[in-house]
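# Results of the structural survey
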Amino acid sequence: MKKLTMVASMVLVSLVAKSNAHAFDGWRNGAECQPATAADAADLVYSQYGVQNMSTTTARNVICPIPTVLEGDVTFGFRAYDRNNLFVGGNINNISCNIVSLTLDGAIDTSANLATSGGGPGAGAQEAELTIFEMPAHWMWQFQCSIPKVNTPGHFSHLTFYWLQNAF
Amino acid sequence: MNRVRTGIFLLAGSAVAIGYWRLQTNATNTALPTTQPRTASAAEVDALRVELRALREQSSHAARVATHAAAASESAMTAAASRIGKATDGKSTVPPPQPDDSGAKRAEAFGRRLSQEPVDRAWSKQIERSIKQAVDEAAPTAEVVEAKCGSTLCRTVLKHENVETRRNFPGVVADKEPFKHGATYRYDPDGRGMTVYVSREGYGFSETARN
């Protein structure tokens with residue numbers, strides 16, 4: 001009986017997979033992100049928890065790859081631990097990511113932003129997500145993220161995962 | 001009771017397996033016709049139609065991806081060739097910069113969309129103000145030549161001080177209202193001008209108006 005159930009499930013799954021061949025679901029660890037500059041690299045630490053900023057003086061930036069063609073309605077998101085609760089210019093420091101598509105020259109073609117809110121020492125995970133609708137097919141995408149500095153010793157902000165979903 | 005349930009499940013499983021097997025058989029028969037004459041049933045014809053549609057969709061997707069890959073590869077080769085002062089055919093020449101035609105067409109389409117959509121007065125006034133404020137704060141040397149909104153889309157025409165301030169602009173306003181909800185950029189060939197289309201939150205970059 002169990003074997004039969006397994007066989008039937010496999011057949012059904014393969015049929016469903018065939019009919020949804022254009023969907024793309026991607027999860028990536030923050031450890032795949034690159035430092036935006038050499039100065040950023042000096043303060044970034046990579047582990048299975050993603051990428052964290054160890055600097056006690058400045059936010060650090062990372063660039064995260066999205067190696068696929070995206071088109072139509074594209075949902076981007078990330079999961080992060082925002083341990084900074086300092087206010088700068090009336091705004092609290094957050095983990096902020098720009099999702100950008102680039103021209104062949106590297107200029108920004110399209111951008112949108114998503115960010116954590118609040119946060120502070122010991123704060124739990126936050127997830128931010130947004131959808132860009134009706135995009136023409138585009139080939140070069142990046143996630144560009146800013147991770148705030150440490151404002152309480154031992155409480156590092158880190159980007160653990162980022163993801164995208166696209167069905168076209 | 002258990003026997004009846006097992007029987008029903010066996011029947012359902014067999015039906016699914018037979019359906020799948022027939023789909024596969026149809027595909028094989030289409031590619032390699034047998035020497036025996038076959039009479040296609042209506043169900044077989046329907047199954048073949050479904051499969052053909054799926055294959056067409058896959059092939060059009062593959063073609064789109066291939067076009068992008070070819071464009072990216074050609075551009076990379078041209079760029080590499082221009083860096084070493086040689087064209088890809090081996091002659092010593094530096095190709096002139098090519099205008100980004102797809103960007104121009106897209107900007108035209110957004111212009112049409114903006115002119116066709118009704119104006120949401122309250123929203124458009126608020127966003128036009130917000131655009132000017134964001135530019136003043138993030139890029140004080142930039143001049144806002146135009147800020148015009150409809151009901152789901154705004155157009156902002158900017159004149160920057162130089163190429164570098166223009167290049168940095170998208171990054172410095174990306175997390176500011178209203179740019180944070182989605183902005184797409186068109187760069188003028190003069191090196192200073194820029195047109196930005198900003199999408200209303202929850203709307204996107206369709207090239208046609210919604211009425």
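Residues numbered from 1 in each chain as written. Chains lettered and ligands numbered in written order. Predicted model: local features only at pLDDT ≥ 70, side-chain atom pairs only at ≥ 80, totals over all residues.

## Thoughts on the overall build of chain B
A tally of helices and strands in chain B yields five helices and four strands. Along the chain direction, N to C, the helices and strands of chain B fall in the order α-α-α-α-β-β-α-β-β. Residues counted as buried form 17% of the 211 residues belonging to chain B. A sequence separation of at least 24 residues applies to 53% of the contacts in chain B between residues at least 6 apart. (Helix = DSSP H or I, 4+ residues; strand = E, 2+ residues; numbered from the N terminus. Buried ≥ 20, exposed ≤ 12 C-beta atoms within 10 Å, placed from the backbone. Contact = placed C-beta atoms within 7 Å.)

## Notes on helix H4 (residues 121–138) of chain B
All names here are of chain B. Over its 18 residues, H4 extends 26 Å from the first C-alpha to the last, a length consistent with the 26 Å expected when each residue adds 1.5 Å. Those residues of H4 lying buried are Ile-127, Ile-131, Ala-134 and Val-135. Projected down its long axis, H4 carries its buried residues within an arc of 95 degrees, all on one side. In H4, the exposed positions that point more than 90 degrees away from the buried face belong to Arg-121, Ala-122, Lys-125, Arg-129, Asp-136 and Glu-137. (Expected span 1.5 Å × (residues − 1). Arc of directions from axis to C-beta.)

## Thoughts on the confidence of the model for chain B
Residues and elements named next belong to chain B. Model confidence for chain B is summarised by a mean pLDDT of 72, while 53% of its residues fall at 70 or above. Averaged over each element, pLDDT in chain B is lowest for helix H1 (residues 2–31) (53) and highest for strand E2 (residues 153–159) (96). Predicted confidence is poor over residues 67–99, with pLDDT under 50, and the contacts of this stretch with residues over four places away or in other chains come to 21 contacts. If you check the scores for this complex, the pTM reads 0.66 and the ipTM reads 0.78. (pLDDT = per-residue confidence, 0-100.)

## Topic: the nonpolar core
Residues and elements named next belong to chain A. Among the nonpolar cores identified, the biggest contains 54 residues, and Cys-145 and Leu-159 are the most heavily contacted of them. In terms of residues, this core owes the most to one element, strand E6 (residues 70–81), which gives six residues. With residues up to four places along the chain from it excluded, the contact list for Leu-159 reads Gly-30, Cys-33, Gly-50, Val-51, Phe-78, Ala-80, Ile-95, Cys-145 and Ile-147. (Core = buried A, V, L, I, M, F, W, Y, C linked by C-beta atoms within 7 Å.)

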